[in-house]
Amino acid sequence: MAYNIVVIAGSLRKDSFSLKIANALTKLAPASLKLEVVTLGGISFFNQDLEGAPPADWVAFREKLQKSDGVIFVTPEYNRAIPGVLKNAIDVASRPYGKSSLNSKPVGIVSNSPGPQGGVSAAKTLQNILPGIAGPIMQQPETYLNAVGDAFDAEGNLTKDSLKPVLQAYVDAFAAHVAKHHG
Ligand SMILES: Cc1cc2nc3c(=O)[nH]c(=O)nc-3n(C[C@H](O)[C@H](O)[C@H](O)COP(=O)(O)O)c2cc1C
């Protein structure tokens, strides 16, 4: 039986590189993992006033995370941090207080950028945010993917040969991280 892993794409953009990387990971995952890519466009703004009667989209997102065996965040970098939509989704997942839907879930972080620095600051932002509300974050291999702008063809298939072994190593390591946590 495979572990169910939610892969969160941190960008809403139709042609998002983050989404394409998330989809590429699903194809490279070993048989021990079943990856499902989740996008964040349907998640209402977090508002503490709504916590008593949470919107259906919050409930569905939380349940999906709760049922999962682990979560991979694939994030772009916006202004040296993560996009607001991703922070919003994490805020939704983190509540009610003390009952985060990410609690005890093994976590992976993959940042990316068409620029030279690979979104490393976004990855570091997640490393700041998640420890209090999620399970163990995989530490190695650190994966900050730079120059992703020419990595995909028009159909969104990964075509950059240098990127394939990097993503393969990442998802294989994540499989071991998940197995160690649940084993
Ligand atoms: C508001 C905004 C801020 C950005 N800030 C950064 C940044 O700090 N570092 C970076 O490498 N790229 C930055 N970019 C460029 C993004 O890396 C680029 O738009 C990327 O394609 C977004 O990810 P996506 O392809 O998954 O949508 C920024 C883009 C936007 C729209």
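Coordinates for the structure precede this section.
Keep in mind the model is a prediction, meaning the values are calculated, not measured. Position numbers for residues count from 1 along each chain, tracking the sequence in the order it is written. Confidence filtering applies because this is a predicted model: local features only for residues at pLDDT of at least 70, side-chain atom pairs given and counted only at 80 or more, and all residues used for totals across whole chains, interfaces and linings. Just so you know, side-chain values use all the structure's heavy atoms and leave hydrogens and water out.

> How do you make sense of the site of the ligand when you look at a structure like this?
In this text, near means that some heavy atom of the residue lies within 4 Å of the molecule or strand in question. In the neighbourhood of the ligand, the contacting residues comprise Ser11, Arg13, Ser16, Phe17, Ser18, Pro76, Glu77, Tyr78, Asn79, Arg80, Ser113 and Pro114. Between an oxygen atom of the ligand and a side-chain N or O atom of serine 18, the distance comes to 2.7 Å. Asparagine 79 is positioned with one of its backbone polar atoms (N or O) 2.8 Å from a nitrogen atom of the ligand. As a working rule, the residues Ala, Val, Leu, Ile, Met, Phe, Trp, Tyr, Cys and Pro are called nonpolar, Asp, Glu, Lys and Arg charged, and the rest polar, with Gly in that last group. Taken together, the residues that form the shell around the ligand break down as 4 nonpolar, 5 polar and 3 charged. As used in this structure description, the phrase polar contact means that two N or O atoms lie within 3.5 Å; if the pair is within protein, one of them must be able to donate a hydrogen and the other to accept it, and residues adjacent in sequence are counted only when both atoms belong to side chains.

> What am I meant to see in the pattern of salt bridges here?
Close approach of charged atoms lets side chains of opposite charge pair. Any Lys or Arg side-chain nitrogen located within 4 Å of an Asp or Glu carboxyl oxygen qualifies as a salt bridge. Applying the stated rule across the entire model yields 8 salt bridges. Here lysine 64 makes a salt bridge to glutamate 36, at a shortest N to O gap of 2.8 Å. With lysine 64 in helix α2 (residues 56-67) and glutamate 36 in strand β2 (residues 33-38), the pair connects residues that are 28 residues apart, well separated along the chain. Its salt-bridge partner being glutamate 51, residue arginine 95 comes within 2.8 Å of it at the nearest N-O pair. With arginine 95 in the loop between α3 (84-94) and β4 (107-112) and glutamate 51 in the loop between β2 and α2, this pair connects stretches of sequence that are 44 residues apart. Numbered from the N terminus, helices here are DSSP runs of H or I no shorter than four residues, and strands are runs of E no shorter than two.

> I'm lost on the packing of helix α1 (residues 17-28) against helix α5 (residues 163-182) in this one. Help?
The relative placement of two packed helices is expressed as an angle between their axes plus a distance between the axes. Comment: axis = line fitted to C-alpha atoms, over the contacting stretch for helices; angle = value between 0 and 180 degrees taken between N-to-C directions. Across the interface, α1 lies against α5 with an axial gap of 10 Å and an inter-helix angle of 65 degrees. The angle between the axes of α1 and α5 places the two elements in the roughly perpendicular class. Taken as a pair, α1 and α5 cross one another with a handedness that is right-handed. Between α1, through Ile21, Ala24, Leu25 and Leu28, and α5, the contact on the second element is made entirely by Lys164, Leu167, Gln168 and Val171. Among the residues making up the contact of α1 with α5, the classes are represented as 6 nonpolar, 1 polar and 1 charged. Should an angle fall under 35 degrees it is taken as roughly parallel, and over 145 as roughly antiparallel, whereas 65 to 115 is taken as roughly perpendicular and any remaining angle as oblique. A clockwise turn of the near helix away from the far one marks a right-handed crossing, whereas an anticlockwise turn of less than a right angle marks a left-handed crossing. Residue contacts follow a heavy-atom distance rule, with two residues in contact if any of their heavy atoms lie within 4.5 Å.

> Please explain helix α4 (residues 120-129) as it appears in this structure.
One turn of the α-helix equals 3.6 residues, which is why residues spaced by three or four share an orientation. Type-normalised accessible area, obtained with a 1.4 Å probe on protein chains alone, sets the label of each residue: buried when under 20%, exposed when over 50%, and partly exposed for intermediate values. Residues of α4 that are buried include every one of Ala122, Ala123, Thr125 and Leu126, and no others. End-on view of α4: buried residues confined to an arc of 155 degrees, all on one side of the axis. By arc we mean the arc of the directions from the helix axis to the C-beta atoms, nothing more.

> What am I meant to see in the side chain of arginine 62 here?
Along the polypeptide, arginine 62 turns up in helix α2. The convention is simple: Lys and Arg are positive, Asp and Glu are negative, and His and the chain ends are not counted. Here arginine 62 sits buried without a salt bridge, and the closest side chain of opposite charge, glutamate 51, lies 4.6 Å off (N-O distance).

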